[in-house]
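Coordinates in review
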Amino acid sequence: MRVIQKFGGTSVADADRIRHVAGQVARRIRNGDQVVVVVSAMGNRTDELIDLALSVSPDPEPRELDQLLATGEHMSAALMAMALQAMGQEAIGLTGSQAGIYSRAAHGAGRIERIDADRIEDELRSGRIPIVAGFQGVTEELDYVTLGRGASDLTAVALGVALQADRCETYKDVEGVYTADPRVVPNARRLIDLHYEEMLEMATQGSQVMHNRAVELAATHELPILVASSMIDVPGTLIHGGPEMEERNRVRSVVDDHDIAKVTLRHVPDQRGIAARIFEPLAEAAISVDTIVQNASEQKLTDLTFTIAHEDLRRAEGLMESICESIGANGYTTETNLGKVSIVGAGIQTESGYAARMFRALADANVNIDLITTSEIRITCIVHSDHVGKAVNALHKAFGLDQEA
Ligand code: ADP
Ligand code: ASP
Ligand code: MG
């Protein structure tokens, strides 16, 4: 079997951990599997590099920041190759550029454009284990572009697709994907498997356990992803497109997200083309808008509310004056200190009663709901950030996720 094995930051946090996961890779090779390894930067290295950059410049050039951040993963790849070599395995560390991963800028938010897998295939043919630095690609001019926080998962899936791997395995500090973040809900349980669409909703709603574009790419190419622990040998969670082992039509997980900001435009004229004029400038500035609520209009005027990541608020505020002016709205207000909780499960929208149960559970936990949105397999409530923890725990209990399926 051909597999991509991806090791996240905690799995390569220090020399001991690197030797431990190198041993895991070596065992797979001895079992006859063909392995390509993808590594993240060690521990919190990426955050440390960002702090270092900010200590020499208040506003580092995005290109130089990417030059710097790419080194975090370079380090892990070289060290992992050395650890494997010390165990008698032939291995070679590769940067994103040496691995043939081409991406398009924006710096800090690159997109993988294509993968030229010849070098990796050559290394595999000559019996070496390629160890690829995650989270990065290069432009055609060979400038480094990082792919967004947590995007080593994306490198792993993209390589899996390009190399036609049988599956992609991502090793983390958790034993798989749980019914909720185990750091927030102590009695969360590991799920045996999940459908791509469920994992994609979870990732998009803020569950950091898998990068959302990685899940999206895996779904498009039907590449199964295993999420498992690099510390202990348990079966993990398989994300795939087939029928699930656990029943459908039920809530599978509760997801929490923090640091959300809300913008409300007041007295927006109810006319054709207004929404486009509000959201086009935001899209051009690459500000991703999440929930959008437009109320029914009274006397041809309405309020329009949307949410964005808190970190984008300053940039959005920079655009709001001119947006208000261009549409003739009567100003805007903003609110921070918001978070969100979502319930996710394939088929929950086709069964009645899930929304009512969610609202009742939140009411009983004394959590006020600010906004509500739904998709076919998800219901999300925006709540005060101080209430996110108790809301997630209340929902986890209300939908019986603390009990065996
Ligand atoms: P990696 O080391 O591969 O980058 P991450 O740290 O990005 O891994 O993701 C693992 C973390 O995701 C866990 O420590 C856990 O707190 C968090 N997490 C959030 N939601 C979930 C969930 N539903 N199941 C498992 N882990 C979750
Ligand atoms: N090192 C990068 C980050 O911390 C990428 C990753 O770990 O996936 O975001
Ligand atoms: Mg991650």
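To start, this report covers the structure provided alongside it. Note that the structure is a prediction, hence the values are computed from the model and not measured.

Parameters at a glance
Residues numbered from 1 in each chain as written. Chains lettered and ligands numbered in written order. Predicted model: local features only at pLDDT ≥ 70, side-chain atom pairs only at ≥ 80, totals over all residues. Heavy atoms only, no water. Near = heavy atom within 4 Å. Polar contact = N/O pair within 3.5 Å; in protein donor to acceptor, adjacent residues only side chain to side chain. Areas by Shrake-Rupley, 256 points an atom, 1.4 Å probe, with all protein chains shown as cover. Nonpolar A, V, L, I, M, F, W, Y, C, P; charged D, E, K, R; others polar. Pairing = 2+ DSSP bridges. Helix = DSSP H or I, 4+ residues; strand = E, 2+ residues; numbered from the N terminus. Axes fitted to C-alpha atoms, helices over the stretch in contact; angles between N-to-C directions. Salt bridge = Lys/Arg side-chain N within 4 Å of Asp/Glu carboxyl O. Buried < 20%, exposed > 50% of the residue type's maximum accessible area, 1.4 Å probe, protein only.

Around ligand 2, a shell composed of S40, A41, T46, E73, F135, R149, G150, A151 and S152 is seen. Take R149: an N or O atom from its side chain is 2.7 Å from an oxygen atom of ligand 2. Residue S152 places a main-chain N or O atom 3.0 Å away from an oxygen atom belonging to ligand 2. If ligand 2 stood free it would expose 260 Å²; the protein chains cover 86% of that surface. Here the shell around ligand 2 is composed, by residue class, of three nonpolar, four polar and two charged.

Before going further, it helps to examine the sheet that holds strand β15 (residues 301-309). Read across the sheet, six strands follow the order β14-β15-β13-β16-β18-β17 without closing on themselves; strand pairing throughout is antiparallel. Looking at which strands have only one partner, the edges of the open sheet turn out to be β14 (289-294) and β17 (371-375). Neighbouring strand axes in the sheet, compared pairwise and without regard to direction, differ in orientation by 30° on average. In this structure, strand β16 (residues 332-344) lies alongside strand β18 (residues 378-384), joined through seven bridges in antiparallel fashion. Across the sheet, residue G339 finds its bridge partner in β18, namely V383.

With that settled, the discussion passes to the pattern of salt bridges. Taken as a whole and assessed by the stated rule, the structure comprises 23 salt bridges. Between D33 and R28 there is a salt bridge, with its nearest N and O atoms 2.9 Å apart. Exposure remark for R28: the relative accessible area of 15% places this residue in the buried category. What you see here is one network of salt bridges that share partners, running through R28, D33, R167 and E169.

Turning next to the site of ligand 1. K6, K172, Y178, D181 and R183 are the nearest of the 18 residues found near ligand 1. At a separation of 2.9 Å, an oxygen atom of ligand 1 approaches a polar side-chain atom of K6. Here a nitrogen atom of ligand 1 sits 2.9 Å away from a polar atom, N or O, in the main chain of Y178. In isolation ligand 1 exposes 570 Å². Once the protein is present, 90% of that is buried.

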